[in-house]
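An overview of the molecular structure
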Amino acid sequence: MKNALVIGQLEDVSWEVLEEYSSVIKSMVAGKSGIYALYRKEKLYYVGLANNLPRRLKQHLNDRHSKKWNRISIYLTQHDEHMKEL
């Protein structure tokens, strides 16, 4: 997948997975840019772009959004240059 825009994904997982498997997810997203979607129950709550996914995901566990979402999807990108188009 040399020319793929999305090089990996983790879809529709509970926020608890981010905490329980933080080291696994951190190694999966380390050094990667990406797009993530936060969901409140079955509805999309927030979409974000990040150049440093581990830091950004950790922030969302403690910021003003922390208690407002319960599921997440993450889409890893090769570079950050095409994130907005996706």
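Okay, so let's go over this structure. Per-chain numbering applies: the sequence of each chain, read as written, is numbered from 1 onward. In keeping with the predicted nature of the model, local features appear solely for residues at pLDDT of at least 70, side-chain atom pairs appear and are counted solely at 80 or more, and the whole-chain, interface and lining totals rest on all residues. With hydrogens and water stripped out, all remaining heavy atoms of the structure feed into the side-chain values.

With that settled, the discussion passes to the nonpolar core. Core analysis: the biggest nonpolar cluster contains 15 residues, and Leu18, Tyr36, Leu53, Leu57, Trp69, Ile72 and Ile74 have the highest contact counts within it. Counting residues per element, the ones that place at least two in this core are strand S1 (6-14), helix H2 (22-29), strand S2 (33-40), helix H3 (53-60) and strand S4 (71-77). Helix and strand labels come from DSSP, where a helix needs a run of H or I of at least four residues and a strand needs a run of E of at least two; each type is numbered from the N terminus. The dominant element in this core, judged by the number of residues it contributes, is S4, at three residues. Two residues form a contact once any of their heavy atoms are found within 4.5 Å. In this view, leucine 53 contacts Val29, Lys32, Ser33, Gly34, Tyr36, Ile74 and Leu76; residues no more than four positions away in its chain are not counted. Among buried residues, those of type Ala, Val, Leu, Ile, Met, Phe, Trp, Tyr and Cys that are joined through side-chain atoms within 4.5 Å constitute a nonpolar core. Under the scheme applied here, a residue whose accessible area is under 20% of the maximum for its type counts as buried, over 50% as exposed, and between as partly exposed, the area being computed with a 1.4 Å probe on protein chains only.

On to unusual backbone geometry. Positive phi is not limited to glycine here, since aspartate 12 has a value of about 50°. Tracing the chain through its elements places aspartate 12 in strand S1. What makes aspartate 12 partly exposed here is its relative accessible area of 45%. Within the chain, lysine 41 stands out as a residue other than glycine whose phi angle is a positive 55°. Mapped onto the elements of the fold, lysine 41 is located in the loop between S2 and strand S3 (43-50). Given the relative accessible area of 63%, lysine 41 is considered exposed.

Before going further, it helps to examine the pairing of S3. DSSP calls a pair of strands paired once it identifies at least 2 bridges connecting them. Across seven bridges, S2 lies against S3 in antiparallel orientation. Opposite glycine 34, over in S3, you have alanine 50 as the bridge partner. Counted along the chain from S2 to the antiparallel partner S3, the turn is two residues long, and its residue lysine 41 has a positive phi close to 55°.

In this structure, serine 14 sits in strand S1. Those residues within four positions of serine 14 in sequence are excluded, and the remaining contacts are Asn70 and Arg71.

We now examine H3. Looking only at H3, the buried set comprises Leu53, Pro54, Leu57 and His60. Each buried residue of H3 sits inside an arc of 130° when the element is viewed along its axis, so together they form one side. Residues of H3 that are buried make contact with H2, S2, S3 and S4. Polar contact criterion, stated in full: a pair of N or O atoms within 3.5 Å, where within protein one must be able to donate a hydrogen and the other to accept it, and residues adjacent in sequence count only if both atoms are side-chain atoms. N-cap assignment for H3: the residue whose side-chain oxygen lies 3.2 Å from the backbone N of arginine 55 is asparagine 52. The arc in question is traced by the directions running from the helix axis to the C-beta atoms.

By themselves, these figures tell us nothing about what the structure is for.
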